[in-house]
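Coordinates in review
Listed here are the chains, written in short residue letters.
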Amino acid sequence: MRKVEIEVNGQKASGDVEPRVLLVHFLRENLGLTGTHVGCDTSSCGACTVLLDGVSVKSCTIFAVQADGGKVTTIEGIGSAQALHPMQEAFWAEHGLQCGFCTPGMIISAIDLLQRNPQPTDAEIREGISGNICRCTGYENIVKAVNAAARAIKNNEPRRSVRELLPPKPEKVGA
Ligand code: FES
Ligand code: FES
């Protein structure tokens, strides 16, 4: 067993792991961060994408011990129900998901893209998310969502809560 210490979503996390344990399994099973998904065993789907030291990686392609001493950001760390990340809000607003299985990895890859290229073209967005497979959406609304997030970040729009985005409750009849 090897001891690893990784800063995950701003918190120190440590554990004793076998050297063969993948980062994705350390995140999901040791830390309970199940927002990072496992969608394949061929390193091709991208559902497991996280940021490692600020750069997107497929967490099924590296061992937990390789991330020792590093900083990992998972989907749980980019926003909250009280203050969504602009990319989360944009996926919501533009219907950039259906089943949602690919969405955590897709959002992390899109955030990484905007860090490198804040105003990408549609073609650049498609290239940027080309390591992430979505079986539901046909990608059109994902591209719209990434464009919307790029505009929101450029305009420095405030983060909103889930409650603010929900439609108002209908008034009770007879109330
Ligand atoms: Fe499919 Fe990592 S689980 S690329
Ligand atoms: Fe279902 Fe992408 S929304 S796989």
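Predicted model only: the values in this text are computed from it and were never measured. (Residues numbered from 1 in each chain as written. Chains lettered and ligands numbered in written order. Predicted model: local features only at pLDDT ≥ 70, side-chain atom pairs only at ≥ 80, totals over all residues. Heavy atoms only, no water.)

What to know about the pairing of strand E2 (residues 11–17)
Pairing of strand E1 (residues 2–8) with E2, which is carried by seven bridges, proceeds in the antiparallel orientation. The partner of Val4 across the bridge, within E2, is Gly15. The turn linking E1 back onto E2 is made up of two residues, and Asn9 within it adopts a positive phi angle of 50°. (Pairing = 2+ DSSP bridges. Helix = DSSP H or I, 4+ residues; strand = E, 2+ residues; numbered from the N terminus.)

Re the side chain of Ser109
By the element assignment, Ser109 lies in helix H3 (residues 103–116). Ignoring sequence-local partners within four residues, the contact set of Ser109 consists of Thr49, Gly128 and Asn132. (Contact = heavy atoms within 4.5 Å.)

Thoughts on the pairing of E1
The pairing of E1 with strand E5 (residues 71–73) spans two bridges and is parallel. From the neighbouring strand, Val8 faces E5, where its bridge partner is Val72.

Here's the deal with the domain arrangement of the protein
Taken domain by domain, the protein comprises domain 1 (2–77) and domain 2 (86–163). Distance from the C-alpha centre of domain 1 to the C-alpha centre of domain 2: 21 Å. Contact residues are listed per partner, giving 18 residues for domain 1 and 13 residues for domain 2. Counting the surface lost from both domain 1 and domain 2, the interface buries some 1,100 Å², and carbon and sulfur atoms represent 60% of this. A per-residue breakdown of the area domain 1 buries against domain 2 is headed by His37, Thr49 and Ile75, which together make up 39% of the total. On the surface where domain 1 and domain 2 come into contact, there are zero salt bridges. (Domains from an automatic or database assignment. Buried area = accessible area lost by both parts, 1.4 Å probe. Salt bridge = Lys/Arg side-chain N within 4 Å of Asp/Glu carboxyl O.)

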